[in-house]
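# Residue-level structure breakdown
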Amino acid sequence: ETGVTQSPTHLIKTRGQQVTLRCSSQSGHNTVSWYQQALGQGPQFIFQYYREEENGRGNFPPRFSGLQFPNYSSELNVNALELDDSALYLCASTPSLGTGGLARNNEQFFGPGTRLTVL
Amino acid sequence: AQRVTQPEKLLSVFKGAPVELKCNYSYSGSPELFWYVQYSRQRLQLLLRHISRESIKGFTADLNKGETSFHLKKPFAQEEDSAMYYCALNRLRAGNMLTFGGGTRLMVKP
């Protein structure tokens, strides 16, 4: 069984640019969550996808968007990058949700993260 | 809105000493609480969750709804316990969207 993978490992962008980060979920997991972790802080929930639909969203502006594909891999897109977007972006997958979105097994398996630097 | 507070950024103890990492939360409903750990050069991973009432690597945590706390404890710290510890809250039935605290770095000195 493979774990959660993320690409790229590191990325440098300039203000105003757009970026796409990628995540491959752990085998058998159909829910993926994205978190932003600024330096010295805990992860902050961005959004979650379940069966290719956004299932919940944290306090992030619309320029943060995502996709989940039929194979349950996922993308995080950030438009109009700002300096404060510099952070570690974490992807986490969860085993199948039950009816109504209640997780039967709610452990989240995290990827190694993508370090984004905005200059 | 929910919030998780870990008041200590750094906790330094000697090997064999007891450890308590503090976590306080605010949430009006029924929460589910977790401790996640990140060892050096490793990814974030689940340590334990309150609903399981388990002991993992000698660590335990009890949910105290009256004090809205979920402190992590271990009676005798080991050097391999040195890591970053994050307390996290999930709103029950919310589909597993975690609110994390700021983290506490535990350093266990020989």
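Now for the overall build of chain B. Along its length, chain B carries 0 helices and 11 strands. Reading the helices (α) and strands (β) of chain B from amino to carboxyl end gives β-β-β-β-β-β-β-β-β-β-β. Taken along the three principal axes of its C-alpha coordinates, chain B extends 40 × 30 × 25 Å. A total of 110 residues make up chain B; the buried ones form 46% of that total. Taking all contacts inside chain B whose residues are at least 6 apart in sequence as the whole, residues at least 24 apart take part in 58%. Per element, the accessible surface of chain B, about 5,600 Å² overall, is 49% carbon and sulfur.

Before going further, it helps to examine the environment of A:Gly66. Residue and element names in this part refer to chain A. In this fold, Gly66 is placed in strand S7 (residues 64-68). As for Gly66 and Arg22, which are separated by 44 residues in sequence, their C-alpha atoms are 9.8 Å apart. Contacts of Gly66, omitting those with residues within four sequence positions, involve Phe47, Tyr49 and Glu75.

Turning our attention to the state of the cysteines. Residue and element names in this part refer to chain A. Enumeration according to the criterion identifies 2 disulfides over all chains in this entry. Note on cysteine connectivity: Cys23 is disulfide-linked to Cys91, with sulfurs 1.7 Å apart. Its torsion about the S-S bond being -55°, the disulfide of Cys23 and Cys91 is classed as left-handed. Placement of the pair is Cys23 in strand S3 (residues 19-24) and Cys91 in strand S9 (residues 87-95), with a sequence separation of 68 residues. Owing to a relative accessible area of 2%, Cys23 belongs among the buried residues under this scheme. Judged by relative accessible area, which is 0%, Cys91 ranks as buried.

Residues and elements named next belong to chain B. Pairing is antiparallel across the open sheet formed by 3 strands, whose spatial order is S3-S8-S7. Where the open sheet ends on each side, the last strands, each with one partner, are strand S3 (19-21) and strand S7 (60-61). Inspection of the sheet shows S3 paired to strand S8 (residues 72-74) by 3 bridges, in the antiparallel sense. Each residue of the ladder has a partner; that of Val19, found in S8, is Lys74.

Attention now moves to the interface of chain A and chain B. Each partner contributes to the interface: chain A provides 23 residues, whereas chain B provides 17 residues. Of the roughly 1,700 Å² buried at the junction of chain A and chain B (both faces included), carbon and sulfur atoms supply 48%. Joining chain A to chain B, the criterion identifies 1 salt bridge. In this structure, the salt-bridge partner of A:Glu107 is B:Arg49, at a minimum N-O distance of 3.6 Å. Here chain A is connected to chain B by 6 residue pairs in polar contact (both at pLDDT 80 or more). Sort the elements by how many residues they give to the side of chain A that touches chain B and strand S4 (residues 29-37) of chain A lands first, with 3 residues. A breakdown of the residues in the side of chain A that touches chain B according to their chemical character gives 7 nonpolar, 15 polar and 1 charged.

Residue and element names in this part refer to chain A. A cis amide bond, omega -5°, links Ser7 with the succeeding residue Pro8. Relative to the helices and strands, Pro8 resides in the loop between strand S1 (5-7) and strand S2 (10-13). Notably, Arg51 is not glycine yet its phi reads approximately 50°, a positive angle. Locating Arg51 in the fold gives a position in the loop between strand S5 (44-50) and strand S6 (53-57).

What follows covers the sheet that holds S1(A). Residue and element names in this part refer to chain A. Pairing in this open sheet of 4 strands is antiparallel, and the strands run S1-S3-S8-S7 from one edge to the other. Two strands lie at the open edges of the sheet, namely S1 and S7, each paired on one side alone. Taking each pair of neighbouring strands and ignoring which way they run, the sheet shows an average axis angle of 20°. Note that S1 and S3 share 3 bridges and pair antiparallel. Paired with Thr5 across the bridge in S3 is Ser24.

Okay, the side chain of A:Asp85 next. Residue and element names in this part refer to chain A. Relative to the assigned elements, Asp85 resides in the loop between strand S8 (74-78) and S9. We classify Asp85 as buried; its relative accessible area is 3%. Within polar-contact distance, the side chain of Asp85 engages the side chain of Arg63 at 2.8 Å. A polar contact is formed between the side chain of Asp85 and the backbone nitrogen of Glu82, at a distance of 2.8 Å. Once residues lying within four places of it in the same chain are set aside, the contact partners of Asp85 are Gln36, Arg63, Phe64, Val78, Ala80, Leu116 and Val118.

Reading guide: rules and limits
- Residues numbered from 1 in each chain as written.
- Chains lettered and ligands numbered in written order.
- Predicted model: local features only at pLDDT ≥ 70, side-chain atom pairs only at ≥ 80, totals over all residues.
- Heavy atoms only, no water.
- Helix = DSSP H or I, 4+ residues; strand = E, 2+ residues; numbered from the N terminus.
- Buried < 20%, exposed > 50% of the residue type's maximum accessible area, 1.4 Å probe, protein only.
- Contact = heavy atoms within 4.5 Å.
- Areas by Shrake-Rupley, 256 points an atom, 1.4 Å probe, with all protein chains shown as cover.
- Disulfide = S-S within 2.5 Å.
- Pairing = 2+ DSSP bridges.
- Buried area = accessible area lost by both parts, 1.4 Å probe.
- Salt bridge = Lys/Arg side-chain N within 4 Å of Asp/Glu carboxyl O.
- Polar contact = N/O pair within 3.5 Å; in protein donor to acceptor, adjacent residues only side chain to side chain.
- Nonpolar A, V, L, I, M, F, W, Y, C, P; charged D, E, K, R; others polar.
- Axes fitted to C-alpha atoms, helices over the stretch in contact; angles between N-to-C directions.

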